[in-house]
Amino acid sequence: SQEEIFRLRVGDYAKLRIPDAVVWPTDEVDVKSIVGLCEELKICLIPHGGGTNVSQATRCPSIEAEPRQIISVDMKLLNRVLWLNEE
């Protein structure tokens, strides 16, 4: 987000939390494996879609609010339509 970029530029790292890792699944099997492993290891997942972050849905919570490690799951390589509900 713009706020995070500003914090990086001015060296205000104390309140900035970024994901511990980023993964790029390419298919449903990858997603299932990632979710299963993270469930087993109690790791928090944050999906990343279009990248605008207008709703701040990809913003990492503070370490006090969420002490688990965080993995961002970048969905950009999942670019096929598997089915369409025409209703």
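See the structure above.
Because the structure is a prediction, the values reported are computed rather than measured. (Residues numbered from 1 in each chain as written. Predicted model: local features only at pLDDT ≥ 70, side-chain atom pairs only at ≥ 80, totals over all residues. Heavy atoms only, no water.)

Draft legend 1. A look at the environment of P25. Structurally, P25 is set in the loop between β1 (21-23) and α2 (28-41). Among the residues examined, P25 registers a relative accessible area of 1% and is labelled buried. Spatially, the C-alpha atom of P25 lies 6.8 Å from that of M75, the residues being 50 residues apart in sequence. Beyond its immediate sequence surroundings of up to four residues, P25 is in contact with D30, V31, I34, V73, D74, L77 and L78. (Helix = DSSP H or I, 4+ residues; strand = E, 2+ residues; numbered from the N terminus. Buried < 20%, exposed > 50% of the residue type's maximum accessible area, 1.4 Å probe, protein only. Contact = heavy atoms within 4.5 Å.)

Draft legend 2. Local environment of the sheet that holds strand β2 (residues 44-48). The parallel open sheet is built from three strands, whose spatial order is β1-β3-β2. For this open sheet the edge positions go to β1 and β2, each flanked by a neighbour on one side alone. Ignoring strand direction, the axes of neighbouring strands in this sheet form an average angle of 25°. In the packing of α2 onto the sheet, the strands contacted are β1, β2 and β3 (70-74), and the crossing angle to β2 comes to about 150°. (Pairing = 2+ DSSP bridges. Axes fitted to C-alpha atoms, helices over the stretch in contact; angles between N-to-C directions.)

Draft legend 3. Structural view of the nonpolar core. Grouped together as the largest cluster of nonpolar side chains are five residues: I34, C38, I43, I71 and V73. Contributions of two or more residues to this core are made by α2 and β3. When neighbours within four sequence positions are excluded, I43 is seen to be in contact with C38, R68, Q69, I70 and I71. (Core = buried A, V, L, I, M, F, W, Y, C linked by side-chain atoms within 4.5 Å.)

Draft legend 4. Representation of α2. With 14 residues, α2 ought to run about 20 Å at 1.5 Å a step, and its terminal C-alpha atoms sit 20 Å apart, in line with that. Measuring from the backbone nitrogen of V29 back to the side-chain oxygen at the start of α2 gives 3.2 Å, which picks out D27 as the cap. Positive phi appears at K42, one or two residues downstream of α2, with a value of about 60°. (Expected span 1.5 Å × (residues − 1). Polar contact = N/O pair within 3.5 Å; in protein donor to acceptor, adjacent residues only side chain to side chain.)

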